[in-house]
Amino acid sequence: MLLGAGAEPGLAVRVGDEELDREALWSAAAAVAGRIAGADAVAVHGEASLRTVVAVVGGLLAGVPVVPVPADSGCAERRHIVRDSGAALWLGRPQEGVDLPVLPVDPSERSCRSLPEPAPETTALIMYTSGTTGPPKGVVLSRRAVAADLDALADAWSWTGDDVLVHGLPLFHVHGLVLGLLGALRVGSPLLHTVRPAPAAYAAAARAIEGLDRRGRHRSGLFFGVPTVWSRIVRDGSAARDLAGARLLVSGSAALPDPVAEGLRAATGHAPVERYGMTESLITLAARADAPRRTGWVGTALAGVESRLRGEHGEPVASDGESIGELQVRGATLFDGYLGLPQATAAAWTGDGWFRTGDAAVRDERGWHRVVGRMSVDMIKSGGYRIGAGEVEAVLLGHPAVHEAAVVGEPDDDLGQRIVAYLVGDGIDPAAVVDFVAARLSVHKRPREVRLVGSLPRNAMGKVQKKLLDGTRR
Ligand code: MCA
Ligand code: AMP
């Protein structure tokens, strides 16, 4: 069973002030499953709510591929995801730009319908993620891959039903949805979703765990966050103190700066464990809960996963803790391909069957990894969100005042990288251009800064030389 239906009864999920116990969640989800059975795929409005939880679980019970749609997406991105995925229905609150039949989701609905468990190779999710160019691609993830990843993480972190999971991450990406919701359901640990990952909300959840004793046993807190969340918690000293009673703090989705890791250790008494992954591979590397912490290192390959480093021409790179190569992975957690894009899928794999992550890393003799950056400047990570420079540039070029555009990620203390747009044009209003992107792509893909320039540095072939742009320190 993908969702661990054998787990003990009791609280399954609380989102904000609303909650469902396991029986009520399964029953509401079964009602959804009954209505969507046989659909090619369903799009789910990814807002942080019980509706989203019920819709996703309903899709998985029915064996219908679930397509989570970012809650902050603009019309163009939403329309692309809905059309490209072949979704037949929209589950959740209606949104502009969606021309699918809408199926409202009611968490208080009950159905006693029981459905057969779909085969492991069935698609569980189609998750949209950015490449360096073009619109987001649909990453096809099987139930087998999801189950393998969650079991390997449970093993690495000694994650059991005695843990209460706390996070406030988006329910439309791997971190918040696969690990943060499906992980909790598979393992059987109640999830307290804080709606937003704000420091005060994590602190309140930490205090609430004390009221969730199970059969007299004390529950322990497992907290997930992206580095921006941990950095904000460190800056908010009182929230950090409330996390002192946690069992484990986990950081992922982007590099955790050493000062943030050290700040957390000082304020909470806990050194966080890091883990690394991608939408395409799910989580592949993690530090174990029972191993000594190594700040700046993301850990070893999970059970069922292998890793290696390769140079520019495919040559092996030494695992000496210093030599840098492209990180390549293979194993049970890998995706089935990009939906409808056989060429892009083929290009993502080496001739001998390893997935090319596009991340530069080092590996030491003990198999620990440190991620040192992306191979391409056109892949940006901001607040843990993956954003392709080309996707933002294409939208900017659609603005009537913009003639040329180059988008880069610049170092940012809060977000890791912030999106900066260099623009050439006539009478550009920077704020209007930012809103133009937010309305079409996603709010989190908007430039945080616009710099107006007379021209962009280009090479003899006319290609923009991003490394020469003023202010870029990459
Ligand atoms: C501001 N806002 C706007 C605009 N400017 N809205 C429309 N147009 C504008 N021009 C509003 C936003 O809607 C929002 O409103 C508010 O301002 C704050 O938005 P923002 O500043 O973007 O948020 P933030 O505080 O900077 O966000 C930081 C964050 C967020 C909370 C850490 O970046 C986040 O949730 N990151 C998680 C990403 C993640 O889960 N990645 C995992 C990928 P309002 O507040 O009203 O909504 S999966 C992955 O990477 C792998 C597999 C892995 O390893 O995990
Ligand atoms: P996404 O597909 O949104 O999951 O983004 C995947 C990318 O996030 C990876 O290719 C890495 O660049 C980055 N990433 C995820 N986890 C980590 C980590 N622990 N340290 C550094 N980068 C990370």
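Owing to the predicted nature of the structure, the values given are computational and were not obtained by experimental measurement. (Residues numbered from 1 in each chain as written. Chains lettered and ligands numbered in written order. Predicted model: local features only at pLDDT ≥ 70, side-chain atom pairs only at ≥ 80, totals over all residues. Heavy atoms only, no water.)

Participant: In this structure, what is going on with the layout of surface pockets? I would like to understand it.
Facilitator: Counted as a void, the second largest pocket has a volume near 430 Å³. R356, T357, G358, R374 and M379 are the residues nearest the centre of the second largest pocket, which is lined by 20 residues in total. Looking at the lining of the second largest pocket, the elements that each hand over two or more residues are α10 (342-347) and β19 (355-363). A total of 4 residues in the lining of the second largest pocket trace back to one element, the largest contributor, which is β19. Its residues placed into classes, the lining of the second largest pocket shows 8 nonpolar, 6 polar and 6 charged. (1 Å grid on protein atoms, 1.4 Å probe; cavity = no way out; pocket = protein on both sides within 12 Å on 5 of 7 lines; lining within 4 Å. Points joined across faces, edges and corners; volume = space filled by probe spheres on them. Helix = DSSP H or I, 4+ residues; strand = E, 2+ residues; numbered from the N terminus. Nonpolar A, V, L, I, M, F, W, Y, C, P; charged D, E, K, R; others polar.)

Participant: Would you mind showing me how to read the packing of aromatic side chains here?
Facilitator: Where two aromatic rings form a pair, the distance of their centres and the angle of their planes describe that pair. Evaluation of the coordinates by the stated rule reveals 10 aromatic pairs. When the ring of W159 is compared with that of F224, the centres are 5.7 Å apart and the planes differ by 80 degrees; the resulting orientation is edge-to-face. Taken as a pair, W159 in the loop between α4 (143-157) and β9 (163-167) and F224 in strand β11 (residues 220-225) lie far apart in primary sequence, 65 residues in all. Taking relative accessible area as the criterion, F224 reaches 0% and is therefore assigned buried. Aromatic side chains W349 and F355 sit 5.6 Å apart centroid to centroid with 65 degrees between the ring planes, which places their arrangement in the edge-to-face category. Look at W349 and you get partly exposed, because its relative accessible area is 25%. (Phe/Tyr/Trp six-rings, centres within 6.5 Å; stacked < 30°, edge-to-face > 60°. Buried < 20%, exposed > 50% of the residue type's maximum accessible area, 1.4 Å probe, protein only.)

Participant: Teacher, can you tell me more about empty space enclosed by the protein here?
Facilitator: Taking a probe equal in size to a water molecule and rolling it over the atoms shows the remaining empty space. With the rule as written, the count across this model stands at 3 cavities of 30 Å³ or more. Looking at the largest cavity, it is lined by 14 residues, and the ones nearest its centre are P272, R293, R294, T295 and G296. Breaking the lining of the largest cavity down by element, the ones donating at least two residues are α9 (258-268) and β13 (273-278). In this structure, the second largest cavity spans a volume of roughly 80 Å³. Residue lining of the second largest cavity: P70, E77, I81, Y128, T129, S130, P136, H173, Y385, R386, H444 and K445, and that is the complete set. For the lining of the second largest cavity, the secondary-structure elements that each account for two or more residues are α3 (75-85), β7 (123-129) and β22 (385-388).

Participant: What exactly am I supposed to notice about the nonpolar core here?
Facilitator: Considering soluble globular proteins, one finds that nonpolar side chains tend to be buried as a cluster. One finds V13, L25, L91, L125, W157, F223 and W230 to be the most contacted residues of the largest nonpolar core, which totals 111 residues. Once residues within four sequence positions are removed from consideration, L91 is found in contact with V32, I36, V42, A43, V44, H45, A55, L103 and V105. With 22 residues, the next largest nonpolar core counts I387, L396, I419 and V437 among its residues. (Core = buried A, V, L, I, M, F, W, Y, C linked by side-chain atoms within 4.5 Å. Contact = heavy atoms within 4.5 Å.)

Participant: Hey, could you run me through the sheet that holds β13 in this one?
Facilitator: Sheets are built from strands paired through backbone hydrogen bonds, the pairs being either parallel or antiparallel. Strand order in the open sheet formed by 9 strands is β2-β1-β10-β9-β11-β12-β13-β14-β15, and the pairing between neighbours is mixed. Looking at which strands have only one partner, the edges of the open sheet turn out to be β2 (18-21) and β15 (300-301). Two strands pair when backbone bridges link them, and strand β1 (residues 11-15) and β2 are joined in this way by 4 bridges, in the antiparallel orientation. Note on β2: the bridge partner recorded for V15 is E18. Sitting on the sheet, helix α1 (residues 22-36) touches β1 and β2, and the angle it makes with β2 is about 90 degrees. (Pairing = 2+ DSSP bridges. Axes fitted to C-alpha atoms, helices over the stretch in contact; angles between N-to-C directions.)

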